[in-house]
Amino acid sequence: MAGAGGGNDIQWCFSQVKGAVDDDVAEADIISTVEFNHSGELLATGDKGGRVVIFQQEQENKTQTHSRGEYNVYSTFQSHEPEFDYLKSLEIEEKINKIRWLPQKNAAQFLLSTNDKTIKLWKISERDKRPEGYNLKEEDGRYRDPTTVTTLRVPVFRPMDLMVEASPRRIFANAHTYHINSISINSDYETYLSADDLRINLWHLEITDRSFNIVDIKPANMEELTEVITAAEFHPNSCNTFVYSSSKGTIRLCDMRASALCDRHSKLFEEPEDPSNRSFFSEIISSISDVKFSHSGRYMMTRDYLSVKIWDLNMENRPVETYQVHEYLRSKLCSLYENDCIFDKFECCWNGSDSVVMTGSYNNFFRMFDRNTKRDITLEASRENNKPRTVLKPRKVCASGKRKKDEISVDSLDFNKKILHTAWHPKENIIAVATTNNLYIFQDKVN
Amino acid sequence: MLCKGVKRKREEEEEEELTSQDWWLEEATPSPSSEEGAGPAPLPPSSLFNLSIFKLHHGLRRGEPDLRHLVLVVNTLRRIQSSMALEPSAPEPPCPAPADPFPVVPDTPLCTSVSALLDDLSHIEGLSDTQTAFPEDAPLSRPPDPGLDPGRPAPLGSLELLLEDGLEGLFDDIDTSMYDCELWPNLKTDSGETEDKIQGPGLDVSELDYLMDVIVGTQTL
């Protein structure tokens with residue numbers, strides 16, 4: 001982390017910012033998901049308008065030794081359109097809730113994108129050459145009169161300007177009554193799960209007309225509904241294992257080999273409530289907004305309203321590490337309930353080596369926690385720091401008492417500027433941080 | 001200053017509604033900025049209760065409710081209710097009459113239990129549940145109409161039989177008591193309380209108990 005410390009501390013620098021500059025945010029431009037692909041070469045964002053924008057990292061320039069390649073727009077396409085459910089007389093939002101990349105198997109790239117109801121598999125392929133010299137067609141496509149053909153030639157491929165095409169290859173629809181919050185690709189790379197508020201379905205990537213329900217927590221009587229599913233993810237290595245989190249702060253680990261319907265968990269992860277912190281809002285702030293396995297598969301991380309917790313899969317009764325994201329908000333929960341901020345769903349992510357975790361906060365702040373040094377840092381995504389290779393200055397929030405210079409008091413925080421979505425490059429120290437409608441890319445300082 | 005009751009400017013609809021309902025903020029006790037260090041919720045439970053009822057009402061009126069939001073608000077309401085039930089002698093702070101006549105006990109739609117409304121939700125959603133229902137033994141399930149092109153939106157299948165009777169048939173067994181229930185049948189006869197008292201936020205704990213009983217469905221409907 002930047003700050004007093006040894007040579008291992010990372011100094012984060014501004015690299016790029018994408019998106020509109022003006023303060024008046026168009027609703028459709030609100031970023032709703034951010035995801036690097038498995039190599040980190042591609043970075044995808046989804047927005048409220050149903051669009052997906054993919055950025056590609058430039059090949060490293062041998063002469064440019066002081067920074068890694070920049071990310072430039074590679075492909076933009078409309079993934080989902082607004083739909084109308086005639087039976088319920090409701091509009092289905094086109095907002096992209098999640099994007100997940102498939103590992104690359106050939107020249108083309110594949111990703112899954114989902115809105116509230118429908119998941120789509122997209123193929124993104126490049127075309128940089130085209131065939132020329134047909135015998136029966138002119139160059140403009142018109143057909144030649146066959147009687148005018150006197151010689152035959154073999155068409156050849158000639159280079160053309162690079163075109164990136166996105167085409168929907170599969171549409172997985174009509175399997176979710178409630179709003180999809182998660183999709184997760186299995187380590188077998190053949191199946192994936194999709195989770196809504198009450199159910200989780202298992203799909204085969206090749207089959208769109210049926211899915212297998214593996215979790216159903218809908219009570220027979222809706223009067224008894226007290227808990228919903230908030231997130232779900234497959235284990236990175238174990239293709240029969242997945243977890244799902246709930247609005248009551250529990251995480252259930254399920255083994256698909258145990259039974260067809262995984263309503264009975266193999267493990268239940270839950271930390272007992274701290275009686276000294278009990279309030280009317282205890283349940284709301286314990287609601288888990290994101291769950292992510294470590295790359296190793298040994299740990300999982302959960303994000304609730306005020307903290308990030310690391311769990312060892314072998315220990316169910318409490319997390320092994322807890323990091324406070326913005327504890328100064330605990331005394332403000334009532335106001336945050338009034339303005340609905342208490343329901344905000346923050347995501348979290350691991351770095352490539354599982355040594356650092358990151359999550360967002362308010363005022364366009366985001367936080368990183370180093371699991372080894374136990375040091376943490378708060379940084380800000382702001383256009384004020386937008387000179388490339390400018391090292392970001394750590395930020396500090398003053399909870400109470402005398403505010404020091406450069407500190408910000410809790411009451412000055414802008415709760416409309418929230419960082420809900422962040423992503424970390426799988427191999428390098430490059431992070432993507434989404435503010436409401438801008439995407440910031442930061443890199444560590446390369447000397 | 002924390003944005004009390006101020007919605008994100010993009011959600012203009014919510015902002016409009018909230019500003020007209022800001023009356024309940026008048027009874028808020030000290031603002032958060034005056035609290036140094038951790039402390040209990042500044043609003044008294046009855047105000048939190050009213051706020052939660054408002055959120056519930058607002059959430060249910062939306063086209064398609066956010067189930068997580070709904071469940072969390074209902075559970076919070078239950079917590080507040082049980083806390084208020086434990087302190088029957090706690091005096092309710094006197095509250096000014098609201099500038100806008102928005103009744104604390106919201107208008108008639110909420111006099112039916114939340115559970116009945118959640119039931120409505122599941123009834124309508126249950127019609128599209130036919131897609132996902134299947135016998136547990138089958139490793140993979142098919143939707144009821146296997147001949148359908150997956151690209152076709154919302155296959156109706158067996159639902160078309162229902163719609164043959166017209167849309168009216170769909171709503172035959174939906175609870176319509178929201179349109180014809182008396183708001184406070186017991187209270188009106190009890191001590192001849194005036195309507196003003198009923199509409200004011202300073203309700204008796206017994207009235208609140210009644211309301212919460214209705215909401216959590218402990219009464220037989």
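Whatever comes next refers back to the structure up there.
Attention in this report is confined to the structure presented alongside it. (Residues numbered from 1 in each chain as written. Chains lettered and ligands numbered in written order. Predicted model: local features only at pLDDT ≥ 70, side-chain atom pairs only at ≥ 80, totals over all residues. Heavy atoms only, no water.)

Concerning the sheet that holds strand β30 (residues 421-424) of chain A
Residue and element names in this part refer to chain A.
- The four strands are arranged β1-β32-β31-β30 in an open sheet whose pairing can be described as antiparallel. At either end of the open sheet lies a strand with only one pairing partner, and these are β1 (12-18) and β30. Direction aside, neighbouring strands of the sheet carry axes that sit 20 degrees apart on average.
- Examined bridge by bridge, β30 and strand β31 (residues 430-434) share four bridges and lie antiparallel to one another. Bridge pairing links Trp424 to Ile431 in β31. (Pairing = 2+ DSSP bridges. Helix = DSSP H or I, 4+ residues; strand = E, 2+ residues; numbered from the N terminus. Axes fitted to C-alpha atoms, helices over the stretch in contact; angles between N-to-C directions.)

Re the packing of helix α2 (residues 45-61) of chain B against helix α3 (residues 67-86) of chain B
All names here are of chain B.
- Close contact between α2 and α3 brings their axes to 9 Å; oriented N to C, the two are set at 155 degrees. Accordingly, the angle class assigned to the pair α2 and α3 is roughly antiparallel. At the point where α2 passes α3, the crossing takes the left-handed sense. Here Pro45, Ser46, Leu48, Phe49, Ser52, Ile53, Lys55, Leu56, Gly59 and Leu60 of α2 lie close against α3, whose contacting residues are Leu70, Val73, Val74, Leu77, Ile80 and Met84.
- Along the lines of polarity and charge, the residues of the contact of α2 with α3 split into twelve nonpolar, three polar and one charged. (Parallel < 35°, antiparallel > 145°, perpendicular 65-115°, else oblique. Left-handed = near helix turned anticlockwise from the far one by under 90°. Contact = heavy atoms within 4.5 Å. Nonpolar A, V, L, I, M, F, W, Y, C, P; charged D, E, K, R; others polar.)

Describing the side chain of Lys18 of chain A
All names here are of chain A.
- Take Lys18: it is sitting in strand β1.
- This buried residue, Lys18, is left without a salt bridge; Glu70 holds the nearest opposite charge, at 6.0 Å.
- In contact with Lys18, not counting residues within four places along its chain, are Phe55, Tyr71, Asn72, Asn437, Asn438 and Leu439. (Buried < 20%, exposed > 50% of the residue type's maximum accessible area, 1.4 Å probe, protein only. Lys, Arg positive; Asp, Glu negative; His and termini not counted. Salt bridge = Lys/Arg side-chain N within 4 Å of Asp/Glu carboxyl O.)

With respect to the pattern of salt bridges
All names here are of chain A.
- The final tally for this structure, using the stated rule, is 29 salt bridges over all chains.
- Ionic pairing is found between Arg100 and Glu35, a salt bridge with its closest N-O pair at 3.1 Å. Of this pair, Arg100 sits in strand β8 (residues 98-101) while Glu35 sits in strand β2 (residues 31-36); the two residues are 65 residues apart in sequence, bridging distant segments of the chain.
- On the basis of relative accessibility, which here comes to 12%, the residue Arg100 falls in the buried class.
- The closest approach of N and O atoms between Arg127 and Glu165, which form a salt bridge, is 3.1 Å. Note that Arg127 is positioned in strand β10 (residues 119-132) and Glu165 in strand β11 (residues 156-172), a separation of 38 residues in sequence.
- Relative accessible area serves as the criterion here: at 40%, Arg127 is assigned to the partly exposed category.
- Connected through salt bridges with shared partners, the residues Asp29, Asp47 and Arg51 form a single ionic network.

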